[in-house]
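# Architecture at a glance
One letter stands for each residue in the lines below.
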Amino acid sequence: MTTGAATHSSALTGERSPLSDTALVAAARKGDMKAFERLYRLHSGKVMGLCLRMTRRRDVAEDCVQQTFIRAWRSLAAFEGRSAFGTWLHRIAVNEVLTHERNHGTRAESDGEAVEDAHAAPLESQREFDAGAVMDVERALATLPPGSRHVVVLQTVYGYSHEEVAEMLGIAVGTCKAQLHRGRRLLRERMGLPEMNDE
Amino acid sequence: MRVVVTVAAALLLGHAARADEVDKSAQADPRGEVVISNVAGEVQVTGWDRNEVHVRADLSDDEQRLEFRTSGARTTIEVVLPRGHSYRGSTDLVVQVPRNSSLTMTTVSADQTIKDVRGMQRLQAVSGTIQTELWNEDIEVKNVSGEVYVRGHSGKGTLRATSVSGGLRLEDIGSEMELNTVTGDMTVRVAELSKARIRTTNGNLELRAAKVTDDLRVDAEGINGDLRFRFPRTLDAEFDISTFNGDIDNCFGPKPHRTSEYGPGNALRFKEGNGDGRVRIKALNGTVEICNR
Amino acid sequence: MNESTQSGRDPLDEALASLPEDVTPQRDLWPRIRAEIAKTPIVAPATASPVQSTWFRLAAAVLLVVVTSFVTYYLTRQSMPQPIARTTPESLPTPQVSPQPASFSFGSERLGAGYRNARAELDKRFHERLAALPTADRAKVEKNLADIRHAADEISATLAQHPSDPLLQDLLMSTYQSELQLLANVSELPTAGSMRTDL
């Protein structure tokens, strides 16, 4: 499972050809669990990253990942291939996260401890900034309130469009844009970055 | 259990070329009932304009008999085994019946192919394909693990089709239908749609209607499957669509909204035209797509 | 004031772009996923265990009416104490036909002895017919029945989290009806053994 840094923030990186996913999905739909396991190995990293940043807790994120793949297996018959398999998985994952939030309530806004536990992977330090004085982006992201955090994660980390994010989260596109704007402003503040004229 | 029909008159014509080949005919009511049952093999039934039922059978098993009897307006064709005999082979039946006969056919592992039979049909199979034509009388077809193909002539007959693990492929059928599958897909094409009740557990549905009636009533439910509808560009109907874990794509314009801020669930209610018709669609895990031509 | 990095990009964008999309879960989640999805075999297993007995045909029609009206009554009272989902015991290898059918266990104590007896008759006749089917057909029936029961379990579990969701209530009821319908359809089927024999 790769933990290397993505090279750009826009659009999903296509590390593997969608054709290989198609063949695996076709096999899994017929009951081939090995093919499904392969899909799990290929996609679980991204699903975990998405769940982790949205829930901020590793144990909850792992539950969400599990539920996502279980649900995906059970709904394979419904996957038509109109979107990429990964996208379809992410939709399910977002649903799982939102369902969990609804049932368990969201945690306090700045949960430093959860953030500390959550991220074992070392992040490349931003040389231009004093890491001791300001938060790095991962921690700053975790301090965002859920509404804007979800939007920032889905749009800027995973490359989904306004429309896609709005649909996944069940909010209006306008709300989505506002949340993104707010999220970016908060990130700048907490990371000690200067203000910009944002989108 | 099957009621034993008392044997009345049976006119035997023709002859058997071999001991296991049977060729029989009998006079029949032009609008009578024909009842056919077979365990394994093919059954072909074709309507013709004679007032006669004719059957040709290749019995593969020495112990089998073809029972062919008439009682009043009912003609029965049955492949019969001696008591205690276990069935091994397969018997193909080729049958001609008066075109306006009604037909009741029951098979286990046999393909049923029916052409130009215009009376009511009740067809039941365990496995094997059922292929028939829909005219102006109703058809009820139940298949457990085989496909069902119905080609219609946009007539008045209602179709009730249930397939457990095979699909349903229905073309130019009538305006009223009741369709059920568990894991089979359904493809439906109809010239004018009036009433449809559709249910599927793990199958997809694709329904195309060139026109709809003013009193349109569509009731469709899917658990794990996509439900796709192609309606005419202009129609008068009220749409009520809800999904738990699936998208709603609507070509008519209005977009779905989430039923809860934090949880899954999409709903879409809108009216087209003066909204006389009602289209209700419910899905658990699957996309619902409403498109116009 | 506009400050940017040497590359000319917004430093926030650069920071967000540096976030890894993939995060490795701390433990391998696949074994638990596999254990769960193994309860939903997409390919039917090869053998079945037949149960013999008798039935009467009207029971199915009666049961549909009884269960439908009872389910409506029960759900509208929103008094579901716990998930109805009845999961198959882990000890069974790959369960084909659940010993406790979905709609049978639902509220059976409240529906009373009349329902239970009628339902038991239907199940027995169903199993008799099932046993007499050719192997491949029998496997298909069992697989489809398992699919329906699994759907019922899933909806029940979801309903427990969203008890007042009318969509879920409707779909659960439909699923129970589908199950009864399947049992009834198979029970009515002719089998090689039941075809008419000479006296």
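Just so you know, these numbers come straight off a predicted model, no measurement behind them.

## Details of the overall build of chain C
A count of helices and strands for chain C gives 7 helices and 1 strand. Along chain C, from the amino end to the carboxyl end, the secondary structure elements read α-α-α-α-α-α-α-β. In chain C, which comprises 199 residues, the share counted as buried stands at 52%. Working note: accessible area of chain C is about 9000 Å², and carbon and sulfur atoms make up 54% of it.

## Considerations on the overall build of chain B
Within chain B, the secondary structure is distributed over 0 helices and 23 strands. When contacts within chain B are restricted to residue pairs at least 6 apart in sequence, those whose partners lie at least 24 apart make up 43%. For chain B, the exposed surface amounts to about 11900 Å²; the carbon and sulfur share of it is 43%.

## Quick look at the interface of chain C and chain B
Counting residues at the interface gives 38 residues for chain C, matched by 43 residues for chain B. Between chain C and chain B, a total of about 3300 Å² is buried, with carbon and sulfur atoms accounting for 61% of that surface. Across the contact surface, chain C and chain B share 10 residue pairs in polar contact (both at pLDDT 80 or more). Of all the secondary structure elements, the ones that give two or more residues to the side of chain C that touches chain B are α6 (135–161), α7 (166–188) and β1 (197–198) of chain C. Sort the elements by how many residues they give to the side of chain C that touches chain B and α7(C) lands first, with 12 residues. Class assignment for the residues of the side of chain C that touches chain B results in 15 nonpolar, 12 polar and 11 charged.

## What to know about the pairing of strand β9 (residues 130–134) of chain B
Residues and elements named next belong to chain B. Summarising burial for β9: 4 of the 5 residues are buried, a large majority. Sheet analysis places strand β7 (residues 102–115) next to β9, joined by 2 bridges and oriented parallel. Paired with Thr113 across the strands is Gln131, a residue of β9.

## Some points on the packing of aromatic side chains
In the structure shown here, the tally under the stated rule is 11 aromatic pairs over all chains. An angle of 65° between the planes, with centres 5.1 Å apart, marks the rings of Phe36(A) and Trp73(A) as edge-to-face. With a gap of 37 residues between them, Phe36(A) in helix α2 (residues 33–55) and Trp73(A) in helix α3 (residues 58–74) connect regions that are remote in the sequence. Owing to a relative accessible area of 0%, Phe36(A) belongs among the buried residues under this scheme. You can call Trp73(A) buried: its relative accessible area is 2%. For the pair Tyr40(A) and Trp30(C), a centre-to-centre distance of 5.7 Å together with 35° between the ring planes defines the contact as tilted. Pair noted here: Tyr40(A) is in helix α2 and Trp30(C) is in helix α2 (residues 30–37), and the two residues belong to different chains. Exposure remark for Tyr40(A): the relative accessible area of 2% places this residue in the buried category. For Trp30(C), a relative accessible area of 3% puts it in the buried group. Members of the aromatic cluster, each reached through a chain of ring pairs, are Phe36(A), Tyr40(A), Phe69(A), Trp73(A) and Trp30(C).

## Looking at the state of the cysteines
Per the counting criterion, the structure on display carries 1 disulfide over all chains. In this model Cys251(B) forms its disulfide with Cys291(B); the gap between the sulfur atoms is 1.9 Å. Of this pair, Cys251(B) sits in the loop between β19 (248–250) and β20 (257–258) while Cys291(B) sits in strand β23 (residues 288–292), and the two are 40 residues apart along the sequence. Judged by relative accessible area, Cys251(B) falls into the partly exposed class, the value being 38%. Note on Cys51(A): no disulfide assigned, nearest cysteine sulfur contributed by Cys64(A) at a separation of 4.8 Å.

## Considering the pattern of salt bridges
By the definition in use, this model includes 39 salt bridges over all chains. Among the salt bridges present, the one from Arg69(B) reaches Glu67(B), with a minimum N-O distance of 2.7 Å. Note on Arg69(B): relative accessible area 6%, which makes it buried. Through salt bridges with shared partners, one network takes in Arg184(A), Arg188(A), Asp10(C) and Asp13(C).

## Notes on α6(C)
Taking 1.5 Å per residue as the helical rise, α6(C) with its 27 residues ought to reach 39 Å, and the 39 Å between its terminal C-alpha atoms agrees with that figure. For α6(C), the buried fraction is high: 20 of the 27 residues fall into the buried class.

## Here we look at the side chain of Asn204(B)
Mapped onto the secondary structure, Asn204(B) falls in the loop between β15 (186–200) and β16 (205–224). A distance of 2.7 Å separates a polar atom in the side chain of Asn204(B) from the backbone nitrogen of Asp226(B). Discounting residues that sit within four places of it in the chain, Asn204(B) has contacts with Ala77(A), Glu80(A), Gly184(B), Asp185(B), Met186(B), Gly225(B) and Asp226(B).

## Some points on the packing of α6(C) against α7(C)
All names here are of chain C. Between α6 and α7, whose axes approach to 9 Å, the crossing angle comes to 160°. Relative to α7, the element α6 is oriented roughly antiparallel. In the crossing of α6 with α7, the sense of the turn from one axis to the other is left-handed. Residue-level contacts link Val141, Asn144, Leu145, Ile148, Arg149, Ala151, Ala152, Ile155, Ser156, Thr158 and Leu159 of α6 to Leu168, Gln169, Leu171, Leu172, Thr175, Tyr176, Ser178, Glu179, Leu182, Leu183 and Val186 of α7. Looking at the contact of α6 with α7 residue by residue, the classes come out as 14 nonpolar, 6 polar and 2 charged.

## Describing α2(A)
All names here are of chain A. For α2, with 23 residues, the first-to-last C-alpha span of 28 Å runs short of the 33 Å given by 1.5 Å per residue. Residue His43 marks the point of greatest curvature in α2, where the axis turns by about 50°. Counting buried residues along α2, 18 of its 23 residues qualify, which places the element largely inside the surrounding structure. For α2, the side-chain oxygen to backbone nitrogen distance between the N-cap and Lys34 is 3.0 Å, and the N-cap itself is Asp32. At the exit of α2 stands Arg56, carrying a positive phi of roughly 70°.

## Re the confidence of the model for chain B
Model confidence for chain B is summarised by a mean pLDDT of 87, while 88% of its residues fall at 70 or above. This stretch, residues 1–19 of chain B, has a pLDDT under 50; its non-local contacts, to residues over four places away or in other chains, come to 27 contacts.

Criteria and cut-off values
- Residues numbered from 1 in each chain as written.
- Chains lettered and ligands numbered in written order.
- Predicted model: local features only at pLDDT ≥ 70, side-chain atom pairs only at ≥ 80, totals over all residues.
- Heavy atoms only, no water.
- Helix = DSSP H or I, 4+ residues; strand = E, 2+ residues; numbered from the N terminus.
- Buried < 20%, exposed > 50% of the residue type's maximum accessible area, 1.4 Å probe, protein only.
- Areas by Shrake-Rupley, 256 points an atom, 1.4 Å probe, with all protein chains shown as cover.
- Contact = heavy atoms within 4.5 Å.
- Buried area = accessible area lost by both parts, 1.4 Å probe.
- Polar contact = N/O pair within 3.5 Å; in protein donor to acceptor, adjacent residues only side chain to side chain.
- Nonpolar A, V, L, I, M, F, W, Y, C, P; charged D, E, K, R; others polar.
- Pairing = 2+ DSSP bridges.
- Phe/Tyr/Trp six-rings, centres within 6.5 Å; stacked < 30°, edge-to-face > 60°.
- Disulfide = S-S within 2.5 Å.
- Salt bridge = Lys/Arg side-chain N within 4 Å of Asp/Glu carboxyl O.
- Expected span 1.5 Å × (residues − 1).
- Axes fitted to C-alpha atoms, helices over the stretch in contact; angles between N-to-C directions.
- Parallel < 35°, antiparallel > 145°, perpendicular 65-115°, else oblique.
- Left-handed = near helix turned anticlockwise from the far one by under 90°.
- Bend = angle between axes of the 7 residues up to and from the residue.
- pLDDT = per-residue confidence, 0-100.

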